[in-house]
Structures are given as C-alpha cells and as structure tokens.
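Structure assessment
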Amino acid sequence: MTTRSVFFVSDRTGITVETLGRALLSQFEGLELQAVNLPFVDDPGDAEEAATVISRAAQRDGMPPIVFSTLVDASLREIIQATDCVFIGFFEHYIGQLSEALGVEPLSVAGRSHLSNTSEYVRRIEAINYALDHDDGISTDNLSKAD
C-alpha cells in the first residue's frame, strides 16, 4: 500500500484544521497516511517553508499530498496552492457563502476561533487540572470539588 502525505496547515495551532481534516478522512478506510501538522504559518517566509515541505512530500510519494488549510490570508494560501497538492481550504470554501447569507463582510483575521477567553474553556481546563492532580488516588483532598 502506498503512503499518502496529508498536511494540516494553519496560521495558528492547527487544532481546528486537524480536527476537521481527520473528521473527513475518517470516512475512508484502508489508507496509509503520513499526517503532518504545519502550525503558525503566518507570514510569507513560513508559507514558503511549508510549500517546500509539501513539494518534497509530493516528490517522495510520487503523488500530490492532501493539504487541509485554515489559512485566512489569501496570499499565504496562494503560496501553498502553488505546490503540487490537493488543496482543501476550509475558510475560503465557506466564508463567501456565509458572508452573502449574513450580509456582512468577513474580518479575515487569524486566530478568532480560539476558545481561551470563554468560561467553558476555562472550566474544561480546570477539570483537566483537577483530574491530573488526583489521578493517582492517593489523596482525597478536595474530593468534594469533583464534578
């Protein structure tokens, strides 16, 4: 079986693009995939470096890699799209349709979907920290705070 390279390219951490890309890929069985996360591609130099990595994978694999992207900046997307790849851009695919439906122009600002400022996010992090602090079962301190 031939290995196919898959890249998750983002101008931030890459969590969103990797989650969406893997959700789509989960619908296909029997694939041998080499997944690579390329986060923080937020300037032309970073995009050129990412394009080089993607181009090398295309040459090595003998077929165009799949590239999932959440890059907001069109000029950065163009650099990646110029490589020998199958480019699947999540934002540009949906932003135009949403803009038309909402009657509002998009901001085109990277990093707007991060959840770090929400109370739900803080609550989740506190729960994870509590679990890590008490996962050994040795201490019952603060057990009443378990949720």
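Coordinates for the structure precede this section.
Here's what I pulled together on the structure shown here. Given the structure is predicted, the values throughout are model-derived calculations rather than measurements. Within each chain, residues carry numbers counting from 1 in the order of the written sequence. The model is predicted, so local features are restricted to residues of pLDDT at least 70 and side-chain atom pairs to those at 80 or more, both for listing and for counting; the totals for chains, interfaces and linings are taken over all residues. Water and hydrogen atoms were dropped before computing side-chain values, which therefore reflect all heavy atoms in the structure.

**Quick word on the sheet that holds strand E3 (residues 66–69)**
Strand pairing follows a simple DSSP-based rule, namely that at least 2 bridges must link the two strands. A run of H or I in DSSP becomes a helix once it reaches four residues, and a run of E becomes a strand once it reaches two; helices and strands are each numbered from the N terminus. An order of E2-E1-E3-E4 is seen for the four strands of this open sheet, with the pairing classed as parallel. Every other strand in the sheet has two partners, leaving strand E2 (32–38) and strand E4 (86–89) as the edge strands with one partner each. Taking the axes of each pair of neighbouring strands and ignoring which way they run, one obtains an average angle of 20° across the sheet. With four bridges joining them, E3 and E4 adopt parallel strand pairing. Counted as the bridge partner of isoleucine 66 is valine 86 from E4. Helix-sheet contacts for helix H2 (residues 44–61) involve strand E1 (3–9), E2 and E3, and the interaxial angle to E1 is about 170°. The strands that helix H4 (residues 90–102) touches are E3 and E4; relative to E4, the one it contacts most, it runs at about 45°. Between the N-to-C directions of two axes lies an angle of 0 to 180 degrees, each axis being a line fitted to C-alpha atoms and, for a helix, fitted only over the stretch in contact. Residues are treated as being in contact if the distance between any of their heavy atoms lies within 4.5 Å.

Read these as layout, nothing more, since geometry by itself doesn't imply function.
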